[in-house]
Amino acid sequence: QVQLGESGGGLVQAGGSLRLSCGASGRAFSIDRMGWFRRAPGKEREFVASITWSAGSTSYADSVKDRFTISKDNANHRVYLQMNSLKLDDTVIYYCAARLSSEMKYQNWGQGTQVTVSS
C-alpha cells in the first residue's frame, strides 16, 4: 500500500494558475506510475494526467492538454500538477493516485484537494 497526500488546492480566478502537489509514502519504491484525477459533484471521476515513474512518460486528458503539466520528483516521491489558464469547469476535487508495479489499475488514492475557479 501507498499513502498519498495532496496539497495546493484553493481559490483562483479564471485564467489563473495553481500547482497541486502529492507526496507518497509507504511502498513508494514500488510505484509504477502516478496520476491526477478529478470529480465534480454527481459525476464520475475522470482522468486528468499521468506520469510513469521511471521513464517520465506523460498522458493528458484532452480537456487539460496544453494547460496542465504533470511532473515528478522521484527522490522525494512527489508528483505535481501545474494548472494554467484555469476555467470555471476546472472547479472540482482533484485526487492523486498511484499504481504499483504489481497492480493493473490505480488502487492507491489520496483524500483529494478542492480547486475552485471563480469568474
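Structure's up top.
These figures come from a predicted structure and were not determined experimentally.

1. Some points on the pattern of salt bridges
This structure, assessed with the given rule, holds six salt bridges. In this structure, the salt-bridge partner of Asp32 is Arg99, at a minimum N-O distance of 3.2 Å. Remark: Arg99 occurs in strand E9 (residues 92–100) and Asp32 occurs in strand E4 (residues 31–39); sequence separation between them is 67 residues. Taken together, the shared-partner salt bridges connect Arg38, Glu46, Arg67 and Asp90 into one network.

2. With respect to the packing of aromatic side chains
Counted under the stated rule, the structure contains four aromatic pairs. Residues Phe37 and Phe47 carry aromatic rings whose centres are separated by 5.6 Å and whose planes lie at 75° to one another, so their mutual orientation is edge-to-face. Linking Phe37 in strand E4 with Phe47 in strand E5 (residues 46–52), this pair joins segments that are ten residues apart in sequence. Classification of Phe37 as buried rests on a relative accessible area of 11%.

3. Let's talk about the layout of surface pockets
Reported here for the largest pocket is a volume of approximately 190 Å³. As for the largest pocket, its lining consists of Arg38, Arg39, Ala40, Lys43, Glu44, Glu46, Leu88, Asp89, Thr91 and Val92. Grouping the amino acids of the lining of the largest pocket by side-chain chemistry returns three nonpolar, one polar and six charged.

Calculation rules
- Residues numbered from 1 in each chain as written.
- Predicted model: local features only at pLDDT ≥ 70, side-chain atom pairs only at ≥ 80, totals over all residues.
- Heavy atoms only, no water.
- Salt bridge = Lys/Arg side-chain N within 4 Å of Asp/Glu carboxyl O.
- Helix = DSSP H or I, 4+ residues; strand = E, 2+ residues; numbered from the N terminus.
- Phe/Tyr/Trp six-rings, centres within 6.5 Å; stacked < 30°, edge-to-face > 60°.
- Buried < 20%, exposed > 50% of the residue type's maximum accessible area, 1.4 Å probe, protein only.
- 1 Å grid on protein atoms, 1.4 Å probe; cavity = no way out; pocket = protein on both sides within 12 Å on 5 of 7 lines; lining within 4 Å.
- Points joined across faces, edges and corners; volume = space filled by probe spheres on them.
- Nonpolar A, V, L, I, M, F, W, Y, C, P; charged D, E, K, R; others polar.

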